[in-house]
Amino acid sequence: MFGSRKKHRNHFKKLTYPHIPFLYNVAMKYMGNQYDAEDLVQETMYAAFRYFGQLREESKCRAWLFAILRTTFLKEKRQAGKRPLLAKNETYLELLEGVAATDISRDYEKKLETVSTQESLARLPEKYKTVLILFFLEDMSYQEIAETLDVPIGTVMSRLSRAKQQMKKELLREIIMKESKIVDIRRADMGGTL
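Residues numbered from 1 in each chain as written. Predicted model: local features only at pLDDT ≥ 70, side-chain atom pairs only at ≥ 80, totals over all residues. Heavy atoms only, no water.

J.: Before we go on, may I ask you to explain helix α7 (residues 126-137) in this structure?
T.: The α-helix advances 3.6 residues per turn, and as a result positions three or four apart in sequence lie on the same side. Between its first and last C-alpha, α7 extends 15 Å over 12 residues, near the 16 Å set by a 1.5 Å rise per residue. Of the residues making up α7, those classed as buried are Glu126, Tyr128, Lys129, Thr130, Val131, Leu132, Ile133 and Leu134. Residue Asp139 follows α7 closely and has a positive phi angle near 55°. (Helix = DSSP H or I, 4+ residues; strand = E, 2+ residues; numbered from the N terminus. Expected span 1.5 Å × (residues − 1). Buried < 20%, exposed > 50% of the residue type's maximum accessible area, 1.4 Å probe, protein only.)

J.: Any chance you could explain the packing of aromatic side chains here in plain terms?
T.: Both the distance between ring centres and the angle between the ring planes are used here to describe each pair of aromatic rings. Taken as a whole and assessed by the stated rule, the structure comprises 8 aromatic pairs. Measuring from ring centre to ring centre gives 5.1 Å for Phe12 and Phe49, while their planes differ by 80°; the resulting arrangement is edge-to-face. Taken together, the residues Phe12 in helix α1 (residues 2-16) and Phe49 in helix α3 (residues 34-50) connect sequence positions 37 residues apart. The class of Phe12 is buried, set by a relative accessible area of 5%. For Phe49, a relative accessible area of 34% translates into the label partly exposed. Summarising the aromatic geometry, the rings of Phe22 and Phe66 are spaced 6.2 Å apart at their centres and angled 45° between planes, so their arrangement reads as tilted. Residue Phe22 is located in helix α2 (residues 20-31), and its partner Phe66 is located in helix α4 (residues 61-80); the two are separated by 44 residues in the primary sequence. An aromatic cluster is built from Phe12, Tyr17, Phe49, Phe52 and Trp64, whose rings are joined through pairwise contacts. (Phe/Tyr/Trp six-rings, centres within 6.5 Å; stacked < 30°, edge-to-face > 60°.)

J.: Could you clarify how one ought to interpret the side chain of Glu126 in this entry?
T.: Within the fold, Glu126 resides in helix α7. A distance of 2.4 Å separates a polar atom in the side chain of Glu126 from a polar atom in the side chain of Thr130. When sequence neighbours within four positions are dropped, the list of residues in contact with Glu126 reads Tyr30, Arg70, Phe73 and Leu74. (Polar contact = N/O pair within 3.5 Å; in protein donor to acceptor, adjacent residues only side chain to side chain. Contact = heavy atoms within 4.5 Å.)

Below, the structure written as structure tokens:
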């Protein structure tokens, strides 16, 4: 009895552990910060271990794990609502240590751009966000994405096309809003005229 549990656990590790970096990368794109991504991967691995007997084809372990991660993400999103996105996992004091004021300003701008991109990605419907993440950030082919999501390759291609269009609109909207704020600030500084 105890030998079979150990054998089961070792088989689980052998099949699933090589896919943890992939799961973590996807989780980072979904969650936007290290801590939530780690929690998502942990929940995914726990569920995978509990339901390991349901894995029908060992060659499709990566797709099976991804499906669990995606389901877990969607379930958490429904339950918790939106979470704030963090650009990096560092404190304000760490940022200030030994850095000149100009460097802080430049770093802050980069973080704002990162957060802006993450927020734009977060606003996309999940089906578009997923194909963008898998194609651009995980370098998966159309065929690999189709197998992972269990959809036809044509669906992957159309979702990716729509995802690119929507992401472009979101980023342009961010730029316009940012420029509008700059103009408002300049107007206020000049007494309402520009």
